[in-house]
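Below are the chains, spelled out letter by letter.
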Amino acid sequence: MGKAEAGTTKWVANKMKSKGLQRLRWWCEICQKQCRDANGFKCHVQSESHVRQMQVVGEDPRKYISGFSTDFQRDFVSLLRTAHGEKWISANKFYNEYIRDKEHVHMNATKWSSLTEFTKHLGREGICHVKEDEKDGLMIAWRDTSVAAVKRKEEIAELEAAEARSGAGEDKMLKKMAKRAQEEAEAKKAIEAKRAAAAATMAQKENTTPPAEGALPSEEKKVDSPVDDTNTDRAKNTDDEPKPEAAPVKLSFGLKARAAPPSKAGLGQMKSQSIFKRKKDDAADAKPVKKVKL
């Protein structure tokens with residue numbers, strides 16, 4: 001029985017029956033036919049049309065496998081670009097999104113035996129960004145390699161580098177300002193310390209008693225002796241007693257020399273007398289005292 005032509009009721013009925021995702025093992029990529037069970041797939045493999053197609057593929061199998069691999073990679077990357085862009089997504093989750101289309105190129109017709117191998121191939125070729133996550137396993141993200149995207153990335157890199165340079169310059173300027181402020185603060189503290197020391201010395205000088213007027217520092221340093229104490233006591237006594245008033249001086253304008261009194265001898269007439277004789281003379285000069293008899 002031949003294949004139903006497109007648009008016929010049988011073709012529509014077959015489409016309705018095969019709605020949804022079927023088993024990959026019952027899919028024939030050469031004939032683009034999906035079988036619903038193992039028996040149907042066995043019948044399809046033994047059919048004349050399938051045998052004829054396999055004879056054609058057998059002449060150059062690498063050509064067909066390479067073509068299927070290219071189509072699979074193109075469709076896979078195209079859907080990744082349009083659906084997620086440069087966002088990260090799990091490779092297994094995205095593959096489930098890719099195979100929702102029944103008309104897609106299946107992986108069993110390509111040169112990659114597993115999705116992990118295909119994902120690593122995309123990472124090695126630089127087509128996609130690939131990384132491994134502990135939770136979701138392999139993660140993929142589309143990589144924009146267009147000229148405009150490369151130019152935009154270069155501009156962004158230049159802007160970031162300029163910002164980094166300006167930031168480094170700002171950091172240097174801030175460091176210099178901080179150092180200058182620290183030096184000024186240290187200098188101010190030193191000046192304040194000097195002023196405080198000067199004020200303390202001035203206060204100490206004011207608190208100490210000043211020395212007596214007219215006293216010399218050499219006299220203050222001398223050690224007091226008993227002779228000095230007696231002299232100082234005499235000086236104090238003389239200062240305390242009232243001083244007698246000086247007699248008025250009589251001025252004479254005569255030309256004659258004033259004669260010395262006869263009782264007093266001149267400088268040339270003075271004679272040395274003994275102490276005992278002087279006492280006797282004093283006693284002789286004394287007037288006799290009258291004795292009164294009672």
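Residues numbered from 1 in each chain as written. Predicted model: local features only at pLDDT ≥ 70, side-chain atom pairs only at ≥ 80, totals over all residues. Heavy atoms only, no water.

Chemist: Got a minute to help me understand the overall build of the chain in this structure?
Modeler: Helix and strand counts for the chain come out as 10 helices and five strands. For the chain, with 294 residues in total, the buried portion stands at 16%. Within the chain, contacts between residues at least 6 apart in sequence are counted, and of these 47% link residues at least 24 apart. With an accessible surface of roughly 25,600 Å², the chain has 55% of that area assigned to carbon and sulfur atoms. (Helix = DSSP H or I, 4+ residues; strand = E, 2+ residues; numbered from the N terminus. Buried < 20%, exposed > 50% of the residue type's maximum accessible area, 1.4 Å probe, protein only. Contact = heavy atoms within 4.5 Å. Areas by Shrake-Rupley, 256 points an atom, 1.4 Å probe, with all protein chains shown as cover.)

Chemist: Looking at this model, I keep getting lost on the environment of Thr82. Mind explaining?
Modeler: In this fold, Thr82 is placed in helix 4 (residues 61-83). On the basis of relative accessibility, which here comes to 54%, the residue Thr82 falls in the exposed class. Sequence separation between Thr82 and Trp142 is 60 residues, and the spatial gap between their C-alpha atoms is 9.5 Å. Among the polar contacts listed, one links the side chain of Thr82 to the backbone oxygen of Ser78, at a separation of 3.0 Å. Side-chain polar atoms of Thr82 contact the backbone oxygen of Leu79, separated by 3.2 Å. (Polar contact = N/O pair within 3.5 Å; in protein donor to acceptor, adjacent residues only side chain to side chain.)

Chemist: When you look at the confidence of the model for the chain in this model, what are you seeing that I'm missing?
Modeler: One rule of thumb: low pLDDT means the predicted coordinates there are not for detailed reading. With 67% of its residues at a pLDDT of at least 70, the chain reaches an overall mean of 75. Taken as a whole, residues 215-223 scores under 50 in pLDDT and shows three contacts with residues more than four places along the chain or in a different chain. (pLDDT = per-residue confidence, 0-100.)

Chemist: Looking at this model, I keep getting lost on the nonpolar core. Mind explaining?
Modeler: When a protein is soluble and globular, its nonpolar side chains tend to lie buried together. Ranked by internal contacts, the top residues of the largest apolar core, which has 21 residues, are Phe72, Phe76, Leu80, Tyr95, Tyr98, Phe118 and Ile140. Those elements that place two or more of their residues in this core are helix 4, helix 5 (91-98), helix 6 (115-125) and strand 5 (137-142). With five residues, helix 4 is the largest single contributor of residues to this core. Apart from residues lying up to four places away in sequence, Tyr98 is in contact with Phe72, Asp75, Phe76, Leu79, His104 and Val105. (Core = buried A, V, L, I, M, F, W, Y, C linked by side-chain atoms within 4.5 Å.)

Chemist: What am I meant to see in the pattern of salt bridges here?
Modeler: When charged atoms on two side chains of opposite charge get close, those side chains can pair. Counted under the stated rule, the structure contains three salt bridges. A salt bridge links Asp71 to Arg74; the nearest nitrogen and oxygen atoms lie 2.9 Å apart. Taken together, the residues Asp71 and Arg74, both in helix 4 and three residues apart, mark about one turn of the helix. By relative accessible area, which is 26% here, Asp71 ends up partly exposed. Note that Arg74 and Asp75 form a salt bridge whose closest N and O atoms lie 3.6 Å from each other. Judged by relative accessible area, which is 48%, Arg74 ranks as partly exposed. Its relative accessible area of 27% is what places Asp75 among the partly exposed residues. Connected through shared salt-bridge partners, Asp71, Arg74 and Asp75 make up one network. (Salt bridge = Lys/Arg side-chain N within 4 Å of Asp/Glu carboxyl O.)

Chemist: Can you help me understand a nonpolar patch on the surface in this one?
Modeler: Taken together, the side chains of Trp11, Val12 and Met16 present a nonpolar region at the surface, about 290 Å² in accessible area. By secondary structure assignment, the location of Met16 is in helix 1 (residues 9-17). (Patch = residues over 30% accessible without salt bridge, like charges linked within 9 Å, V, L, I, M, F, W, Y side chains within 5 Å.)

Chemist: How do you make sense of the packing of helix 4 against helix 5 when you look at a structure like this?
Modeler: The relative placement of two packed helices comes down to the angle between their axes together with the axis-to-axis distance. Following both chains from N to C, one finds helix 4 and helix 5 inclined at 105 degrees, their axes separated by 11 Å at the closest point. By the angle class used here, helix 4 and helix 5 are roughly perpendicular. For the pair helix 4 and helix 5, contact is made by Phe72, Asp75, Phe76, Leu79 and Leu80 and by Phe94, Tyr95, Glu97 and Tyr98, respectively. Partitioned by chemical class, the residues of the contact of helix 4 with helix 5 number seven nonpolar, no polar and two charged. (Axes fitted to C-alpha atoms, helices over the stretch in contact; angles between N-to-C directions. Parallel < 35°, antiparallel > 145°, perpendicular 65-115°, else oblique. Nonpolar A, V, L, I, M, F, W, Y, C, P; charged D, E, K, R; others polar.)

Chemist: So what exactly am I meant to see when it comes to the side chain of Asp144 here?
Modeler: Mapped onto the elements of the fold, Asp144 is located in the loop between strand 5 and helix 7 (147-207). Put simply, Asp144 is tucked away with no salt bridge, and the nearest opposite charge, on Arg152, sits 4.0 Å away. (Lys, Arg positive; Asp, Glu negative; His and termini not counted.)

Chemist: How do you make sense of a negative patch on the surface when you look at a structure like this?
Modeler: Together, Glu132, Asp133, Glu134 and Asp136 make up a negatively charged patch on the protein surface. By relative accessible area, which is 31% here, Asp133 ends up partly exposed. (Charge placed at Lys NZ, Arg CZ, Asp CG, Glu CD.)

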